[in-house]
Amino acid sequence: MDAGCPRLPDTVLFEIFLYLDHADVLSVGLVCQQWRAVARDEFLWKELFYRYYRVSRDVPRHPGAVSWYDEFQRLYDTIPCVEVQALKEHNDQVLHLSFSHSGCLFASCSKDCTVKIWSNELDISLQHSSNMRPYNWSYTQFSQFNSDDSLLLVSGVFVGPHNSSSGEIAVISMENFTLLSRVRNKPYDVFGCWLNETNLISGNLHRIGRITSCSVLWLNNAFQGIESENVNVVKRLFKIQNLNASTIRTVMVADCSRYDSPDLLLDYEEQLAASSTCPVFDLGSDSEEEEAKPKPPPEPAVQELPAAGGVPAEHGLQQLFDDIMEGRVRPAMTETELETKVAELFVRNRTKPPEPNLLPTDSSSKTKYLIFTTGCLTYSPHQIGIKRILPHQMTTAGPVLGEERRSDEFFDSLDHVIDIHGHIIGMGLSPDHRYLYVNSRAWPRDCVISDPMQPPPIAEEIDLHVFDLKTMKEVKRALRAHRAYTPNEECFFIFLDVSRDFVASGAEDRHGYIWDRHYNICLAKLQHDNVVNSVAFSPVEQELLLTASDDTTIKVWRSPRAMRVRQARRPRPRKLLFSWLMNQKS
């Protein structure tokens, strides 16, 4: 033992550990031999880890960790929580951030109606700025690089005739920053996304009634302005009916090919999730008795078919009209209820059935999932719709209206629906596309929606749910820490992002948040002066995180470990030059 270092019982040492700062705990082995011995004690580090981070003891150690000491150090040393730079080139609210796949560039969108391209070097610098006001845009709201980083999709709000608002998507070349094409996108919060290197997905909305509509999802070639007129540059992918004022929004594409080799398998609760027999689940119930019972999967409205031996849809619609005319409908239906009932009856035999066997059967599958927010009860997005995209649908070649279909098949059905029982305000995929993370604000338990134009009040707490897209089940418990305050009619999207080990999100409480994906714990709060709208991890360096805020700034955050490496890389004055300067002064 070192001279002057008293001998303390291990229990006392452990209690001291609990009150030390992270850095002190990690360096405490330098104090004396007794501390070094404790620092190598795996049992004590395990106890310290569970108690300090308040992790449930049924959660095993991270599958990539070699020791509890390394895990404690990882959660302290690799979290991007040190602010290193504030970018202030935008002059209005910054709404969205996106990295290129190489991590060398990132794009930012803003209420100032520009999309800016930044170079991610040791010090981040602005490389290019495109102003979209000459194209009658109000602001830019979303961007995404294609898979080889040669093109940038930019989504914004477009001002049409009589000051009507719609959406538009622009494609910008990363070679010379020229605008290649523009595509209408309605409603604007469809955002749009890439399906592959040269094809992107946009939306359109057709009103059928006051609260009934039809969403059409289109596949567009990015090079519309330069393709031959003999080649199709657009094709209809899907046409889906919307009930009760709902619409399709926030489209994204998940690639199924990596499901059998994920970056991080959330396996310690996977067996529990696999024991459930419910492929479509409702997150609104907290009853253990209800959750213990297998539930039949509720069908989305567009999949509702008459039971065997039941009344065909045409006869049912005629019967409804006869009942109304003869006063047999009691109590009397409101106009809204009548429109919904007629739409449901009409769609029964006018919908193409869902694809069988939604789940991918092998890792070599080229199938992709189109994922979007939707609903069936009110205009607030409260469901996640999933539609499988088959390989032959991933090109604009072929008929403009897509696959040939029977004349009575007006609509496509959803292959899977997840009911969130709350207002969805954000979605993000893990890098391997295995897990879907969803920000939502819950509705009151057992609420009843009688008017689709009056959705239930929403909670201030934001729940961050996790879904396994291979099994279509929820895994882990919902993450909490972040908050939002705007009511339903003013609620806006808060973008989240997922890295190999972490998930981050913005919030309306002027902070960004980081959680560990394996342990389900909040690790850091990142301060801004206003609402944090978007976060983005570098895809090649998860210890670098960007946050964008209504305070007009983009903040750059790095981990303590990255900061030490960064400082070591900075050139230092040579000793000979320093000596020469001192001699000159003398």
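Quick caveat, the model's predicted, so the values are computed rather than measured. Note that residues are indexed from 1 along each chain, following the sequence as it is written. Local features in a predicted model are, by the rule used here, given only for residues with pLDDT of at least 70; side-chain atom pairs are given and counted only at 80 or more, and totals for whole chains, interfaces and linings are based on all residues. Where side-chain values are given, they derive from all heavy atoms of the structure, hydrogens and water being excluded.

**Things to note about the confidence of the model for the chain**
Consideration 1: The pLDDT value expresses, per residue, how confident the predictor is, ranging between 0 and 100. Confidence in the prediction for the chain averages 80 pLDDT; 72% of positions are at 70 or higher.
Consideration 2: Contacts are residue-level and defined by heavy atoms, with any inter-residue pair within 4.5 Å sufficient. Considering only residues more than four positions removed or in separate chains, one finds that residues 1-9, a stretch of pLDDT under 50, has 15 contacts.
Consideration 3: The model gives residues 271-311 a pLDDT under 50, and that stretch makes 60 contacts with residues more than four places away or in other chains.

**Brief notes about the environment of Tyr135**
Consideration 1: Tracing the chain through its elements places Tyr135 in the loop between strand E5 (125-131) and strand E6 (137-145).
Consideration 2: The exposure class of Tyr135 is partly exposed, given its relative accessible area of 28%.
Consideration 3: Measuring from C-alpha to C-alpha, the distance between Tyr135 and Glu168 comes to 9.7 Å, with 33 residues separating the pair along the chain. Helical segments are the DSSP runs of H or I of at least four residues, strand segments are the runs of E of at least two, and each set is numbered from the N terminus. Each residue is assigned to one of three classes by its accessible area relative to the maximum for its type, calculated with a 1.4 Å probe on protein chains only: buried under 20%, partly exposed between the two thresholds, exposed over 50%.

**Details of the sheet that holds strand E2 (residues 94-99)**
Consideration 1: Here a strand pair is declared whenever DSSP counts at least two bridges between the two strands. Ordered by their spatial adjacency, 4 strands build an open sheet running E2-E3-E4-E5, and the pairing between neighbours is antiparallel. Every other strand in the sheet has two partners, leaving E2 and E5 as the edge strands with one partner each. Within this sheet the neighbouring strands show an average axis-to-axis angle of 20°, counted without direction.
Consideration 2: Examined bridge by bridge, strand E3 (residues 105-110) and strand E4 (residues 114-119) share 5 bridges and lie antiparallel to one another. Residue pairing for E4: Phe106 is matched across the bridge by Trp118. Angular values range over 0 to 180 degrees, each being the angle between N-to-C directions of two axes fitted as lines to C-alpha atoms, with helices fitted over their stretch in contact.

**Considerations on the sheet that holds strand E27 (residues 521-527)**
Consideration 1: Here we have 4 strands laid out as an open sheet, ordered E24-E25-E26-E27, and antiparallel in their pairing. The sheet is open, and its two borders are formed by strand E24 (496-498) and E27, each paired with just one other strand. Taking each pair of neighbouring strands and ignoring which way they run, the sheet shows an average axis angle of 15°.

**Thoughts on unusual backbone geometry**
Consideration 1: Following Lys186, the chain continues into Pro187 via a peptide bond in cis, with omega recorded as -5°.
Consideration 2: Secondary-structure assignment places Pro187 in the loop between strand E9 (179-185) and strand E10 (193-194).
Consideration 3: Positive phi outside glycine occurs at Arg54, with the angle close to 55°.
Consideration 4: Secondary-structure assignment places Arg54 in the loop between helix H4 (42-53) and helix H5 (68-77).
Consideration 5: Positive phi, normally seen in glycine, also occurs at Asp446, with a value near 65°.
Consideration 6: Secondary-structure assignment places Asp446 in the loop between strand E21 (435-442) and strand E22 (463-468).

**Comments concerning the side chain of Ser155**
Consideration 1: Mapping Ser155 onto the fold places it in strand E7 (residues 151-159).
Consideration 2: Sequence-distant contacts of Ser155, that is, excluding residues within four places in its chain, are made with Trp137, Thr140, Gln141, Phe142, Glu168, Ile169, Asn185, Tyr188 and Phe191.

**Looking at the pairing of E6**
Consideration 1: Counted residue by residue, E6 has 7 buried out of 9 residues, so it is predominantly covered.
Consideration 2: The loop that links E6 with its antiparallel partner E7 comprises 5 residues; one of these, Asp149, has a positive phi angle of about 60°.

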